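Overview (structure and organization)
Each chain is listed here by its residues.
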Amino acid sequence: MDKYKEFTKISKEIFKIKNDEEFGNKIFELLKKIIEFESGYIFFLNPERLEYSFNPKCKSISEISKNCLKENLEFKNSVFGVVIITGENFSVDDKEIFASFAAIISNIIKDNELTKVIKMQIEALQNGYTKIHKDTKKIIKADEVKTKFLSHITHELRTPLNSILGFSELLENEFVGKLNNKQKEYINDIKISGINLLAMINEILDMSRIESGSVTLNKSEFEIKTAVTEVLNIIKPLALKKQITIKSSVVDIKIEADYQKIQQILFNLVGNALKYTNIGGEINISVQKSGENLLIKVKDNGIGIEKRHLKKIFNRFEQINKTFPNSTGLGLAITKELVKLHKGGIKVESEPNIGSEFTVTIPLC
Ligand SMILES: Nc1ncnc2c1ncn2[C@@H]1O[C@H](COP(=O)(O)OP(=O)(O)O)[C@@H](O)[C@H]1O
Ligand SMILES: [Mg+2]
């Protein structure tokens, strides 16, 4: 059989052993069946190192005698190594076959390297995925514990706070005796602090309930005017303290919605308007029917919001100016959720130093 036919057979063998641990030795053994040689070497360049060898006598390329066949190992036109066999009297056929041999093993070696890299990447990805999966589980658990804790603690805080508010109202209305002006002022301060604290506790409680997915609508039919008036009565001391005028125009209709949640939406928006409006300012509340929707507008002439912040303010804990007291950064995030539960929407228009207008749209049917 001529040497070329023999080589075709051997090429197939080479492909079969490409993943063999003894690859280095075996390819030279196969080559030996066609070409007579003494030692075989595969050096990798950059840095130079002897990677595979057969019956070696030398340790570096420069030590190898002139009597040899040498071919580059290439991949995509870049040389990454050399394959060398040493011996005597190589024929022209030997040289040609050896060149083909070098081309074949170039491809196999690179292919093996790439497979190894891909395998490592897949392993790294799998490890990463497993870790993320474990971490996510831990985070979810911790988040559940946090939500339960917050819900419990805020609930416990509300009870004594309600009694502080109740008793300060008793005192304020002089049910237990006449008050002088100083005493009236101080009691008003207690009441304002209580309202603010209760609002903050409610915000944290509401958020933890929303996060745990336990908030549902409890619909009933009610006069929207009653809901607005009640909220304004609660908030009145805050407005008086800042000498802010609140004007309201509320349509005389009954709506079917969650009474407590509609009040919470109003409370959050009017509470913000009061907080972010300077002393002597004005707030306009308008609740009207527009087609099949109820439009709730709360407008102030306060500090306003820069355009670039407008989208962010509905995110949890997002506060443009952190210096305002009694702030959790949760009010608008909760408001948005409560509006969403009613299948409605909320938007804001605002200009710094001119004021803000929040509009809530709630479908009536
Ligand atoms: N009426 C308003 N005028 C100006 N800025 C406002 C108004 N309402 C909300 N903001 C801005 O949006 C942020 C988020 O509001 P909110 O979620 O209610 O949190 P908080 O009032 O507790 O800071 C506020 O910190 C404030 O910067
Ligand atoms: Mg707020």
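As a convention, each chain's residues are numbered from 1 in the sequence order in which they are written. The lettering of chains begins at A and the numbering of ligands begins at 1, in the order of writing. In keeping with the predicted nature of the model, local features appear solely for residues at pLDDT of at least 70, side-chain atom pairs appear and are counted solely at 80 or more, and the whole-chain, interface and lining totals rest on all residues. As a rule here, side-chain values cover all heavy atoms of the structure and leave hydrogens and water aside.

1. Points about the overall build of the protein
- Note on conventions: DSSP H or I runs of at least 4 residues are helices, E runs of at least 2 residues are strands, and numbering of each starts at the N terminus. When its secondary structure is counted, the protein shows seven helices and 11 strands.
- Just to be clear, the radius of gyration here is over C-alpha atoms, and the globule rule we use is 2.2 Å times residues to the power 0.38. For the protein, the C-alpha radius of gyration of 40 Å lies well beyond 21 Å, the compact-globule estimate for 365 residues.
- Each principal axis of the C-alpha atoms in the protein carries an extent, and together these give about 125 × 45 × 40 Å.
- Taking all 365 residues of the protein together, 39% fall into the buried category.
- Contacts spanning at least 24 positions in sequence make up 66% of the contacts within the protein whose residues lie at least 6 apart.
- Where accessible areas are quoted, they stem from the Shrake-Rupley method and a 1.4 Å probe; at the residue level, only the protein chains shown are allowed to cover. Roughly 21900 Å² of accessible area belongs to the protein as shown, and the carbon and sulfur atoms make up 54% of that amount.
- His is not counted, nor are the chain ends, whereas Lys and Arg count as positive and Asp and Glu as negative. The location of each charge is read from NZ of Lys, CZ of Arg, CG of Asp or CD of Glu. Side chains of the protein give 54 positive and 48 negative charges; the mean places of these two sets differ by 4 Å. Think of it in three bands: residues with accessible area under 20% of the maximum for their type are buried, residues over 50% are exposed, and the middle band is partly exposed, with areas taken using a 1.4 Å probe on protein chains only. Throughout, a contact is declared for two residues whenever any of their heavy atoms are within 4.5 Å.

2. Notes on the state of the cysteines
- What counts as a disulfide here is a pair of cysteine sulfur atoms lying within 2.5 Å. This structure, assessed with the given rule, holds zero disulfides.
- Lacking any disulfide linkage, cysteine 58 is separated from the closest cysteine sulfur, that of cysteine 68, by 9.4 Å.

3. A word on the sheet that holds strand S4 (residues 78-86)
- Strand order across the open sheet formed by four strands is S2-S1-S4-S3, with antiparallel pairing between neighbours. Edge strands, defined here as strands with exactly one partner in the open sheet, are strand S2 (49-54) and strand S3 (68-75). Here the average twist between neighbouring strands, direction ignored, is 20 degrees.
- Here five bridges tie strand S1 (residues 39-44) to S2, and the two strands are oriented antiparallel to one another. In the sheet register, glycine 40 faces S2, and the bridge partner there is phenylalanine 54.
- Each axis is a line fitted through C-alpha atoms, and for a helix only the stretch in contact is used; angles between axes span 0 to 180 degrees, taken between their N-to-C directions. Packing against the sheet, helix H2 (residues 23-32) makes contact with S1, S2 and S4, and its axis sits at approximately 50 degrees to S2.
- Here helix H3 (residues 92-172) sits on the sheet and contacts S1, S2, S3 and S4; the angle it forms with S3, its principal contact strand, is near 35 degrees. Strands qualify as paired when DSSP identifies two bridges or more between them.

4. Here's the deal with the sheet that holds strand S9 (residues 293-300)
- Judged by pairing direction, the sheet is mixed, and its five strands sit side by side in the order S6-S8-S9-S11-S10 without closing on themselves. The sheet is open, and its two edges are formed by strand S6 (245-250) and strand S10 (345-351), each paired on a single side. Across the sheet, the axes of successive neighbouring strands diverge by a mean angle of 10 degrees, strand direction being ignored.
- Relative to strand S11 (residues 355-363), S10 runs antiparallel, the two sharing seven bridges. Considered in S11, the bridge of glutamate 349 is made with glutamate 357.

5. Some words on the domain arrangement of the protein
- Start and end points for every domain follow an automatic or database-based domain assignment. Assigned domains of the protein: these are domain 1 (3-124) and domain 2 (219-363).
- A straight line from the C-alpha centre of domain 1 to that of domain 2 covers 78 Å.

6. Some thoughts on the environment of glutamate 51
- For glutamate 51, the position within the fold is in strand S2.
- The exposure class assigned to glutamate 51 is partly exposed, which follows from its relative accessible area of 33%.
- With 27 residues separating them in the primary sequence, glutamate 51 and glycine 24 have C-alpha atoms 8.0 Å apart.
- Every residue in contact with glutamate 51, bar those within four places of it in the chain, is listed here: Ile42, Phe43 and Phe44.
- Polar contacts involving the side chain of glutamate 51 include one to the side chain of arginine 49, which spans 2.8 Å. In protein, a polar contact means a hydrogen-donor-capable atom and an acceptor-capable atom, both N or O and within 3.5 Å, with residues adjacent in sequence counting only if both atoms are side-chain atoms; elsewhere, any N or O pair within 3.5 Å suffices.

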